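# Close look at the chain arrangement
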Amino acid sequence: RDDGGHLERAALVDAAAAAAQSGDVRSALAFYQRAQMPRALSRILAGHGVALLDGGFADVVEEALVTLDRAGFDGGPAIMLLKALRDSYLVRFDSSEAWFQLGIAAADDDDLRLRIVHRYSLDLLRRGRVDAIDVLETAIASAPSEHAFQPLLGATLATAYALVDRLNDARVSIASAMSRLSPDLPAALRTRAFHQAAYVALRCADLPEARRYAERVLDVAVPNGFYDLAARAHSILYEIEHAWEANPEHALA
(Lines give C-alpha, C1' and ligand atoms only; values in the text may rest on other atoms or scores of the structure.)
Protein backbone atom coordinates (compact mmCIF):
# COMPACT_ATOMS: atom_id res chain seq x y z
CA ARG A 1 0.00 0.00 0.00
CA ASP A 2 1.27 3.45 -0.90
CA ASP A 3 -0.27 6.09 1.39
CA GLY A 4 0.91 8.93 -0.83
CA GLY A 5 -0.79 7.48 -3.89
CA HIS A 6 2.51 7.46 -5.79
CA LEU A 7 2.14 3.88 -7.01
CA GLU A 8 -1.40 4.49 -8.25
CA ARG A 9 -0.37 7.67 -10.03
CA ALA A 10 2.59 5.94 -11.67
CA ALA A 11 0.33 3.12 -12.83
CA LEU A 12 -2.15 5.61 -14.31
CA VAL A 13 0.64 7.42 -16.16
CA ASP A 14 1.98 4.11 -17.53
CA ALA A 15 -1.54 3.13 -18.60
CA ALA A 16 -2.06 6.51 -20.28
CA ALA A 17 1.21 6.22 -22.19
CA ALA A 18 0.35 2.69 -23.32
CA ALA A 19 -3.13 3.76 -24.41
CA ALA A 20 -1.75 6.72 -26.36
CA GLN A 21 0.84 4.53 -28.08
CA SER A 22 -1.87 2.06 -29.14
CA GLY A 23 -4.06 4.86 -30.50
CA ASP A 24 -6.68 4.74 -27.74
CA VAL A 25 -6.75 8.50 -27.20
CA ARG A 26 -9.92 8.57 -25.10
CA SER A 27 -8.48 6.15 -22.57
CA ALA A 28 -5.22 8.09 -22.48
CA LEU A 29 -7.13 11.26 -21.65
CA ALA A 30 -9.11 9.49 -18.94
CA PHE A 31 -5.98 8.06 -17.30
CA TYR A 32 -4.16 11.41 -17.35
CA GLN A 33 -7.23 13.08 -15.83
CA ARG A 34 -7.29 10.54 -12.98
CA ALA A 35 -3.54 10.98 -12.49
CA GLN A 36 -3.99 14.77 -12.33
CA MET A 37 -1.39 15.38 -15.02
CA PRO A 38 -2.60 18.56 -16.76
CA ARG A 39 0.50 19.03 -18.90
CA ALA A 40 0.31 15.52 -20.35
CA LEU A 41 -3.48 15.84 -20.67
CA SER A 42 -3.04 19.09 -22.59
CA ARG A 43 -0.45 17.52 -24.91
CA ILE A 44 -2.76 14.66 -25.88
CA LEU A 45 -5.74 16.99 -26.22
CA ALA A 46 -3.79 19.44 -28.40
CA GLY A 47 -2.81 16.63 -30.76
CA HIS A 48 -6.12 14.79 -30.99
CA GLY A 49 -8.89 17.06 -29.66
CA VAL A 50 -10.08 18.34 -33.04
CA ALA A 51 -10.33 14.78 -34.39
CA LEU A 52 -12.33 13.79 -31.31
CA LEU A 53 -14.73 16.70 -31.82
CA ASP A 54 -15.15 15.83 -35.50
CA GLY A 55 -15.68 12.19 -34.56
CA GLY A 56 -18.59 13.01 -32.25
CA PHE A 57 -16.75 12.86 -28.90
CA ALA A 58 -17.42 16.42 -27.81
CA ASP A 59 -18.21 15.18 -24.29
CA VAL A 60 -14.72 13.69 -23.96
CA VAL A 61 -13.12 16.95 -25.06
CA GLU A 62 -15.34 19.02 -22.79
CA GLU A 63 -14.49 16.90 -19.73
CA ALA A 64 -10.76 17.25 -20.46
CA LEU A 65 -11.08 21.02 -20.96
CA VAL A 66 -12.91 21.36 -17.64
CA THR A 67 -10.12 19.39 -15.95
CA LEU A 68 -7.50 21.76 -17.41
CA ASP A 69 -9.49 24.81 -16.31
CA ARG A 70 -9.77 23.47 -12.76
CA ALA A 71 -6.02 22.90 -12.69
CA GLY A 72 -5.42 26.46 -13.92
CA PHE A 73 -3.56 25.17 -16.99
CA ASP A 74 -4.30 27.14 -20.17
CA GLY A 75 -2.50 24.83 -22.63
CA GLY A 76 -1.76 27.49 -25.23
CA PRO A 77 -3.26 28.18 -28.67
CA ALA A 78 -4.08 24.55 -29.53
CA ILE A 79 -6.33 24.39 -26.48
CA MET A 80 -7.79 27.80 -27.36
CA LEU A 81 -8.81 26.30 -30.71
CA LEU A 82 -10.69 23.51 -28.94
CA LYS A 83 -12.44 25.99 -26.68
CA ALA A 84 -13.42 28.03 -29.74
CA LEU A 85 -14.89 24.99 -31.48
CA ARG A 86 -16.65 23.82 -28.33
CA ASP A 87 -18.26 27.20 -27.75
CA SER A 88 -19.35 27.40 -31.38
CA TYR A 89 -21.04 23.99 -31.14
CA LEU A 90 -22.79 25.27 -27.99
CA VAL A 91 -23.95 28.43 -29.86
CA ARG A 92 -21.76 30.65 -27.70
CA PHE A 93 -20.52 32.58 -30.70
CA ASP A 94 -19.10 35.63 -28.90
CA SER A 95 -16.78 33.56 -26.73
CA SER A 96 -16.01 31.25 -29.66
CA GLU A 97 -14.90 34.22 -31.75
CA ALA A 98 -12.71 35.46 -28.90
CA TRP A 99 -10.99 32.07 -28.48
CA PHE A 100 -10.32 31.82 -32.23
CA GLN A 101 -8.77 35.29 -32.29
CA LEU A 102 -6.70 34.62 -29.17
CA GLY A 103 -5.45 31.33 -30.60
CA ILE A 104 -4.41 32.89 -33.91
CA ALA A 105 -2.60 35.72 -32.11
CA ALA A 106 -0.84 33.33 -29.69
CA ALA A 107 0.30 30.78 -32.30
CA ASP A 108 4.05 31.04 -32.67
CA ASP A 109 4.47 28.95 -35.83
CA ASP A 110 2.83 28.85 -39.26
CA ASP A 111 1.52 25.29 -38.89
CA LEU A 112 -0.55 25.99 -35.81
CA ARG A 113 -1.64 29.48 -36.90
CA LEU A 114 -2.88 28.25 -40.28
CA ARG A 115 -4.60 25.26 -38.70
CA ILE A 116 -6.54 27.62 -36.43
CA VAL A 117 -7.32 30.00 -39.31
CA HIS A 118 -8.58 27.04 -41.36
CA ARG A 119 -10.99 25.92 -38.66
CA TYR A 120 -12.02 29.50 -37.94
CA SER A 121 -12.93 30.06 -41.57
CA LEU A 122 -14.85 26.78 -41.73
CA ASP A 123 -16.76 27.81 -38.63
CA LEU A 124 -17.59 31.22 -40.13
CA LEU A 125 -18.89 29.60 -43.30
CA ARG A 126 -20.95 27.10 -41.33
CA ARG A 127 -22.72 30.13 -39.85
CA GLY A 128 -23.10 31.85 -43.21
CA ARG A 129 -20.48 34.50 -42.40
CA VAL A 130 -19.04 35.72 -45.71
CA ASP A 131 -16.38 37.72 -43.87
CA ALA A 132 -14.57 34.38 -44.00
CA ILE A 133 -13.40 35.61 -47.41
CA ASP A 134 -11.37 38.43 -45.85
CA VAL A 135 -9.94 36.07 -43.22
CA LEU A 136 -8.87 33.55 -45.86
CA GLU A 137 -7.51 36.02 -48.39
CA THR A 138 -5.37 37.63 -45.68
CA ALA A 139 -4.06 34.28 -44.44
CA ILE A 140 -3.28 33.03 -47.95
CA ALA A 141 -1.41 36.24 -48.80
CA SER A 142 0.72 36.08 -45.64
CA ALA A 143 1.44 32.33 -45.48
CA PRO A 144 4.47 30.69 -47.12
CA SER A 145 3.48 29.85 -50.71
CA GLU A 146 4.53 26.19 -50.45
CA HIS A 147 2.96 25.52 -47.06
CA ALA A 148 0.80 22.38 -47.01
CA PHE A 149 -2.15 24.33 -45.61
CA GLN A 150 -2.22 26.76 -48.55
CA PRO A 151 -4.38 24.43 -50.70
CA LEU A 152 -6.75 23.81 -47.78
CA LEU A 153 -7.22 27.53 -47.30
CA GLY A 154 -7.68 27.91 -51.06
CA ALA A 155 -10.34 25.19 -51.19
CA THR A 156 -12.20 26.82 -48.32
CA LEU A 157 -11.93 30.20 -50.04
CA ALA A 158 -13.41 28.63 -53.17
CA THR A 159 -16.49 27.51 -51.22
CA ALA A 160 -16.83 31.03 -49.81
CA TYR A 161 -16.64 32.51 -53.31
CA ALA A 162 -19.27 30.03 -54.51
CA LEU A 163 -21.50 30.96 -51.60
CA VAL A 164 -21.62 34.59 -52.80
CA ASP A 165 -21.89 33.61 -56.51
CA ARG A 166 -18.33 34.59 -57.41
CA LEU A 167 -18.25 31.44 -59.51
CA ASN A 168 -15.29 32.30 -61.75
CA ASP A 169 -13.18 33.06 -58.67
CA ALA A 170 -14.42 29.82 -57.11
CA ARG A 171 -13.38 27.77 -60.16
CA VAL A 172 -9.89 29.29 -60.25
CA SER A 173 -9.37 28.89 -56.51
CA ILE A 174 -10.54 25.26 -56.31
CA ALA A 175 -8.53 24.23 -59.40
CA SER A 176 -5.37 25.69 -57.90
CA ALA A 177 -6.07 24.15 -54.49
CA MET A 178 -6.72 20.64 -55.76
CA SER A 179 -3.67 20.67 -58.02
CA ARG A 180 -1.46 21.45 -55.01
CA LEU A 181 -3.15 19.26 -52.39
CA SER A 182 -0.45 17.23 -50.64
CA PRO A 183 -0.94 13.45 -50.37
CA ASP A 184 0.85 13.66 -47.01
CA LEU A 185 -1.97 15.63 -45.37
CA PRO A 186 -4.15 13.73 -42.87
CA ALA A 187 -7.04 11.88 -44.51
CA ALA A 188 -9.64 14.04 -42.74
CA LEU A 189 -8.19 17.25 -44.20
CA ARG A 190 -7.88 15.83 -47.72
CA THR A 191 -11.42 14.49 -47.57
CA ARG A 192 -12.77 17.86 -46.49
CA ALA A 193 -11.04 19.43 -49.49
CA PHE A 194 -12.66 16.81 -51.77
CA HIS A 195 -16.05 17.78 -50.37
CA GLN A 196 -15.35 21.45 -50.96
CA ALA A 197 -14.38 20.66 -54.56
CA ALA A 198 -17.65 18.75 -54.99
CA TYR A 199 -19.63 21.66 -53.55
CA VAL A 200 -17.95 24.21 -55.84
CA ALA A 201 -18.48 21.97 -58.88
CA LEU A 202 -22.17 21.60 -58.03
CA ARG A 203 -22.60 25.37 -57.62
CA CYS A 204 -20.90 25.80 -61.01
CA ALA A 205 -23.23 23.18 -62.56
CA ASP A 206 -20.33 20.83 -63.37
CA LEU A 207 -22.22 17.67 -62.44
CA PRO A 208 -19.63 15.04 -63.49
CA GLU A 209 -16.97 16.80 -61.41
CA ALA A 210 -19.33 17.19 -58.46
CA ARG A 211 -20.20 13.50 -58.57
CA ARG A 212 -16.57 12.45 -58.95
CA TYR A 213 -15.42 14.39 -55.91
CA ALA A 214 -18.44 13.39 -53.80
CA GLU A 215 -17.68 9.73 -54.50
CA ARG A 216 -14.02 10.31 -53.56
CA VAL A 217 -15.25 11.69 -50.24
CA LEU A 218 -17.28 8.55 -49.60
CA ASP A 219 -14.36 6.27 -50.54
CA VAL A 220 -12.31 7.78 -47.70
CA ALA A 221 -14.91 9.05 -45.25
CA VAL A 222 -16.97 5.91 -44.65
CA PRO A 223 -14.14 3.47 -43.79
CA ASN A 224 -12.47 6.11 -41.62
CA GLY A 225 -15.59 7.14 -39.72
CA PHE A 226 -15.76 10.72 -41.07
CA TYR A 227 -19.53 10.52 -41.01
CA ASP A 228 -20.17 14.28 -41.11
CA LEU A 229 -18.28 14.49 -44.40
CA ALA A 230 -19.95 11.33 -45.71
CA ALA A 231 -23.36 12.87 -45.00
CA ARG A 232 -22.40 16.03 -46.89
CA ALA A 233 -21.22 13.99 -49.86
CA HIS A 234 -24.49 12.08 -49.91
CA SER A 235 -26.29 15.42 -49.80
CA ILE A 236 -24.48 16.52 -52.95
CA LEU A 237 -25.27 13.24 -54.72
CA TYR A 238 -28.89 13.58 -53.65
CA GLU A 239 -29.11 17.09 -55.10
CA ILE A 240 -27.64 15.88 -58.40
CA GLU A 241 -30.18 13.06 -58.67
CA HIS A 242 -33.17 15.03 -57.39
CA ALA A 243 -32.73 18.55 -58.78
CA TRP A 244 -30.64 17.92 -61.92
CA GLU A 245 -31.17 14.34 -63.09
CA ALA A 246 -34.81 14.06 -61.94
CA ASN A 247 -34.22 10.45 -60.88
CA PRO A 248 -36.33 9.97 -57.71
CA GLU A 249 -35.26 6.34 -57.11
CA HIS A 250 -31.57 7.25 -57.12
CA ALA A 251 -32.29 10.35 -55.05
CA LEU A 252 -34.12 8.29 -52.43
CA ALA A 253 -31.22 5.81 -52.27
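In this report, we go over the structure that sits alongside the text.

Cut-off values and rules
Residues numbered from 1 in each chain as written. Predicted model: local features only at pLDDT ≥ 70, side-chain atom pairs only at ≥ 80, totals over all residues. Heavy atoms only, no water. Axes fitted to C-alpha atoms, helices over the stretch in contact; angles between N-to-C directions. Helix = DSSP H or I, 4+ residues; strand = E, 2+ residues; numbered from the N terminus. Parallel < 35°, antiparallel > 145°, perpendicular 65-115°, else oblique. Left-handed = near helix turned anticlockwise from the far one by under 90°. Contact = heavy atoms within 4.5 Å. Nonpolar A, V, L, I, M, F, W, Y, C, P; charged D, E, K, R; others polar. Buried < 20%, exposed > 50% of the residue type's maximum accessible area, 1.4 Å probe, protein only. Core = buried A, V, L, I, M, F, W, Y, C linked by side-chain atoms within 4.5 Å. Patch = residues over 30% accessible without salt bridge, like charges linked within 9 Å, V, L, I, M, F, W, Y side chains within 5 Å. Areas by Shrake-Rupley, 256 points an atom, 1.4 Å probe, with all protein chains shown as cover. Salt bridge = Lys/Arg side-chain N within 4 Å of Asp/Glu carboxyl O. Lys, Arg positive; Asp, Glu negative; His and termini not counted. Polar contact = N/O pair within 3.5 Å; in protein donor to acceptor, adjacent residues only side chain to side chain.

## Topic: the packing of helix α11 (residues 187–203) against helix α13 (residues 227–244)
For the pair α11 and α13, interaxial distance at closest approach is 10 Å and the crossing angle is 20°. Taken together, the axes of α11 and α13 lie roughly parallel to each other. For α11 against α13, the interelement crossing comes out left-handed. Side by side, α11 and α13 meet where Ala188, Thr191, Arg192, His195, Ala198, Tyr199 and Leu202 of the first sit next to Asp228, Leu229, Arg232, Ala233, Ile236, Glu239, Ile240 and Trp244 of the second. Grouping the amino acids of the contact of α11 with α13 by side-chain chemistry returns 9 nonpolar, 2 polar and 4 charged.

## Section: the environment of Gly23
Note that Gly23 resides in the loop between α1 (6–22) and α2 (25–35). By relative accessible area, Gly23 is classed as exposed at 53%. Measuring from C-alpha to C-alpha, the distance between Gly23 and Ala231 comes to 25 Å, with 208 residues separating the pair along the chain.

## What to know about the nonpolar core
Leu29, Leu45 and Met178 are the most contacted members of the largest nonpolar core, which has 75 residues in total. When sequence neighbours within four positions are dropped, the list of residues in contact with Leu29 reads Leu41, Ile44, Leu45, Leu52 and Val60.

## Side note on a nonpolar patch on the surface
Taken together, Val130, Leu163 and Val164 make up a surface patch of nonpolar side chains, about 200 Å² in accessible area. Relative to the assigned elements, Val164 resides in the loop between α9 (150–163) and α10 (167–179). Taking relative accessible area as the criterion, Val164 reaches 33% and is therefore assigned partly exposed.

## Overview of the side chain of Arg190
Positionally, Arg190 belongs in helix α11. The charged side chain of Arg190 is buried without a salt bridge, its nearest counter-charge being Asp184 at 8.1 Å. For Arg190, the side chain forms a polar contact with the main-chain oxygen of Ser182, separated by 3.0 Å. Those residues within four positions of Arg190 in sequence are excluded, and the remaining contacts are Leu181, Ser182, Pro183, Leu185 and Arg216.

## Some remarks on the environment of Arg211
Within the secondary structure, Arg211 sits in helix α12 (residues 207–224). You can call Arg211 partly exposed: its relative accessible area is 24%. Each C-alpha atom, one on Arg211 and one on Tyr238, is 10.0 Å from the other, the two residues being 27 residues apart in sequence. In this structure the side chain of Arg211 is engaged in a polar contact, spanning 3.0 Å, whose partner is the side chain of Glu241.

## Description of the side chain of Arg86
On the secondary structure map, Arg86 appears in helix α5 (residues 77–89). We classify Arg86 as buried; its relative accessible area is 12%. Ignoring any residue separated from it by four or fewer positions in sequence, one finds Arg86 in contact with Glu62, Leu65 and Arg92.

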